[in-house]
Amino acid sequence: MMATNERVVMDAQAIERALTRVAHEVLEHNKGTEGLALVGIRSRGVHLAERLRDKIQAIEGVAVPTGIMDITLYRDDLSRSKQQPVVKGTQIRFAIEDKHVVLVDDVLYTGRSVRAALDALMDFGRPLQVQLVVLIDRGHRELPIRADYVGKNLPTAITESVQVRLKESDGRDEVVIARAEER
Amino acid sequence: MPFTHRHMLGLEGISREELFYLLDTAKSFKEISERNIKKVPTLQGKTVVALFYEASTRTRTSFEIAAKRMSADFVSLSSSTSSVTKGETLLDTARNLAAMRPDAIVIRHFVSGAPHFLAARLECPIINAGDGAHEHPTQAILDLLTIRERKGRLSGLTVAIIGDILHSRVARSNVFALNALGASVRFVGPPTLLAPELRAWGDVTHDLHEGVRDADVIMMLRIQLERQGKNFFPTVDEYSRYFCLTERAVALAKPDVIIMHPGPLNRGVEIASDVADGPYSVIMDQVTNGIAVRMAVLYLLINRSREAELETETHAQTAAEVEAATPRLRRRAG
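It should be emphasised that the depicted structure is a prediction, and the values quoted were computed from it without experimental measurement.

Reading the values: rules and limits
Residues numbered from 1 in each chain as written. Chains lettered and ligands numbered in written order. Predicted model: local features only at pLDDT ≥ 70, side-chain atom pairs only at ≥ 80, totals over all residues. Helix = DSSP H or I, 4+ residues; strand = E, 2+ residues; numbered from the N terminus. Buried ≥ 20, exposed ≤ 12 C-beta atoms within 10 Å, placed from the backbone. Contact = placed C-beta atoms within 7 Å. Pairing = 2+ DSSP bridges. Axes fitted to C-alpha atoms, helices over the stretch in contact; angles between N-to-C directions. Parallel < 35°, antiparallel > 145°, perpendicular 65-115°, else oblique. Left-handed = near helix turned anticlockwise from the far one by under 90°. Nonpolar A, V, L, I, M, F, W, Y, C, P; charged D, E, K, R; others polar. Domains from an automatic or database assignment. Core = buried A, V, L, I, M, F, W, Y, C linked by C-beta atoms within 7 Å. Expected span 1.5 Å × (residues − 1).

Asker: Describe the overall build of chain B, with residues and values.
Answerer: Scanning chain B from terminus to terminus reveals 13 helices and 9 strands. A burial count over chain B gives 47% of its 334 residues as buried. Taking as baseline every contact in chain B between residues at least 6 positions apart, the subset at least 24 positions apart corresponds to 77%.

Written out as structure tokens, the structure is:
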């Protein structure tokens, strides 16, 4: 897994600054926390959503409702995947009706995960609006999907892979780009 | 370790890791049944055929709801309303169904090993929904899920299995799984309803009170009245005098004991009504969990990864291997 030719494109400080900026942008765009909710896409989007919630709370003093979404059951590539993905479940313990729901994911690539997340979200109700936060937008979209808030735009080749590592799951904060050996 | 088997035939020989994987997957499916819209698109365009040679309401409904909540199409056949009554053999019926290209066949049959027989001959994934007195794997998995939810663990627990163990496929599947997970098992029943080889799997007692003493889990089995032609006990009254689970017996178990029953209940025969409906009973949890377990099994078998497919092709789980795993005892239950 550990490729030798990987290059760090964001360190812990850069991730921290990007998330702080995104938190402010979300608040500015939505004019505060009224009707706002965050939903992190498993697995790293969940940690990013929690960090955004904490930052928003530090700025506005309000803890916005935050949920977890597992999109495995909505993916369009289940029978094509090499390994059977583990289903860990969705936890959205608030009504999304009439909310401004902000989806949070680590990397925006083909757009297929976001498509699945949108379908999954609609099964929970009818949000007033859905917005998208990603830490990295690496391009190469296969669907007409875009992010509303981007931590960093990262031009990549299709042969490269982008990995977001976060303290909560990987022990440290960094974003690396690597020439994929094999996919 | 993921679950990579092509079929779900039984729990004999299953590993601890595979069981935990099944339980974790099932647990994550529970939330879908609590939604307002109880449906995910995962198995859209897939077809599940249920072939039931024995009466069933719970299991078949459970499989049907599970399949439909995953967006699969579900076709159900029972032997009484199909060409089985015209004398068609099991293999012919199954071959014809397989030719209609289903993505899984769920089968309940009164002959032990019937699902294995089909698994060795058909390409399609086979799910055993109960074969004779052999196994009923999804029932045992839902039992384990229910125990783990209530107790937070499975290893180190004392589980008393009470009743008609001789005829019980539920007991057999549970015993394999409980042993794999490090729970200790006690079998309780009259000598005529216990098999001698049980001692290899747990303690055996003929005294209900001794059996339930300090138990964490009491697992009741249904007295299979339809299989009592051979006089395994003198009368139903006498059986219930000795083995009916009453409040008095429950009081001997651990204070936080849970009481399970796979259904259907014979109230007043193996379990007293006030116990079945009482605070220790988790019988309805079992039914709810059954849906999640069957969703998980359908998901794992129908959406097998390409890696697992390749593996099966290369060092194949060949027909001969499946045959070898087929229970030698082809006893017709009852």
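Asker: Tell me about the sheet that holds strand β5 (residues 129-137) of chain A, and please be specific about residues and values.
Answerer: Consider a sheet: its strands pair through backbone hydrogen bonds, and that pairing is either parallel or antiparallel. Residues and elements named next belong to chain A. Taken together, 5 strands build an open sheet; the order of strands is β3-β2-β4-β5-β6 and the sheet is parallel. Of all the strands in the sheet, the pair left with one neighbour each is β3 (66-69) and β6 (149-153). Within this sheet the neighbouring strands show an average axis-to-axis angle of 25°, counted without direction. As judged from the 4 bridges shared by β5 and β6, these two strands associate in the parallel manner. For Ile136, the partnering residue across the bridge sits in β6 and is Lys152. Sheet contacts for helix α2 (residues 44-60): β2 (36-41), β3, β4 (100-108) and β5; angle to β2, the most-contacted strand, approximately 150°. Against the sheet, helix α3 (residues 112-122) engages β2, β3, β4 and β5, with an angle of about 155° to β4.

Asker: Run through the packing of helix α5 (residues 137-151) of chain B against helix α11 (residues 283-302) of chain B, naming residues and quoting values.
Answerer: All names here are of chain B. Packing of α5 against α11 brings their axes to within 8 Å, and their N-to-C directions diverge by 120°. Classified by the interaxial angle, the pair formed by α5 and α11 is oblique. Along this stretch, α5 crosses α11, giving a crossing that reads as right-handed. Here Thr138, Ile141, Leu142, Asp143, Leu145 and Thr146 of α5 lie close against α11, whose contacting residues are Asp285, Gln286, Asn289, Gly290, Val293, Arg294 and Val297. In terms of residue class, the contact of α5 with α11 is made up of 5 nonpolar, 5 polar and 3 charged.

Asker: Talk me through the environment of B:Met70; I want residue IDs and the actual numbers.
Answerer: Residues and elements named next belong to chain B. Tracing the chain through its elements places Met70 in the loop between α2 (58-69) and β2 (73-78). A sequence separation of 31 residues divides Met70 from Lys39, and the C-alpha atoms of the two residues are 5.9 Å apart. Leaving out residues up to four positions away in the same chain, Met70 has contacts with Val40, Thr42, Leu43, Met295, Leu298 and Tyr299.

Asker: Go over the environment of B:Asp164 with me, naming the residues and quoting the values.
Answerer: Residue and element names in this part refer to chain B. For Asp164, the position within the fold is in the loop between β5 (158-162) and α6 (169-180). Distance from Asp164 to Thr192, taken between C-alpha atoms, is 8.9 Å for residues 28 residues apart in sequence. Setting aside anything within four residues of it in sequence, one finds Asp164 in contact with Gly189, Leu193, Leu221, Arg222, Ile223 and Gln224.

Asker: Before we move on, can you summarise the environment of A:Gly67 with the specific residues and values?
Answerer: With respect to the element layout, A:Gly67 can be found in strand β3. The spatial distance from the C-alpha of A:Gly67 to the C-alpha of A:Leu38 is 6.2 Å, given a sequence separation of 29 residues.

Asker: Explain the domain arrangement of chain B to me, and be specific about the residues and the numbers.
Answerer: All names here are of chain B. Domain parsing of chain B yields domain 1 (16-134 + 289-306) and domain 2 (137-286). Centre-to-centre separation of domain 1 and domain 2, based on C-alpha positions: 26 Å. Looking at the side of domain 1 that touches domain 2, the elements with two or more residues in it are α1 (16-29), β4 (126-131) and α11. Examining the composition of the side of domain 1 that touches domain 2, we find that 6 residues originate from one element, α1, more than from any other. Its residues placed into classes, the side of domain 1 that touches domain 2 shows 8 nonpolar, 6 polar and 5 charged.

Asker: I'd like to hear about unusual backbone geometry, residue by residue, with values.
Answerer: A:Ser43 follows A:Arg42 through a cis peptide bond whose omega is -5°. The omega torsion across B:Gly263 and B:Pro264 is -10°, close enough to zero to call that bond cis. Mapped onto the elements of the fold, B:Pro264 is located in the loop between β9 (258-260) and α10 (273-276). Residues other than glycine seldom take positive phi values, yet A:Lys31 does so here, at roughly 55°. Here A:Lys31 is to be found in the loop between α1 (12-30) and β2. Of note, the phi angle at A:His140 is positive, near 65°, even though the residue is not glycine. Within the secondary structure layout, A:His140 lies in the loop between β5 and β6. For A:His140, a count of 13 C-beta atoms within 10 Å gives the class partly exposed.

Asker: Report on the nonpolar core, specifying residues and quantitative values.
Answerer: Residues and elements named next belong to chain B. Membership of the largest hydrophobic core comes to 150 residues, with the highest contact counts inside it found for Ile105, Ile161, Ile162, Ile218 and Leu298. For this core, the element with the most residues is α11, which contributes 11 residues. Taken together, domain 1 (16-134 + 289-306) and domain 2 (137-286) each give at least three residues to this core, which thus spans both. Those residues within four positions of Ile218 in sequence are excluded, and the remaining contacts are Ala160, Ile162, Val212, Leu245, Ala253, Val257, Ile259 and Met260.

Asker: I'd like a description of α5(B), backed by residues and values.
Answerer: Residues and elements named next belong to chain B. Over its 15 residues, α5 extends 21 Å from the first C-alpha to the last, a length consistent with the 21 Å expected when each residue adds 1.5 Å. For α5, the tally of buried residues reaches 11 of 15 residues, placing the bulk of the element in the interior. Every buried residue of α5 is listed here: Pro137, Thr138, Gln139, Ala140, Ile141, Leu142, Asp143, Leu144, Leu145, Thr146 and Ile147. Turning to α5, the residues buried within the fold contact α1, β4, α6, β8 (217-220), β9 and α11. Gly152, located one to two residues past α5, shows a positive phi value of around 75°.

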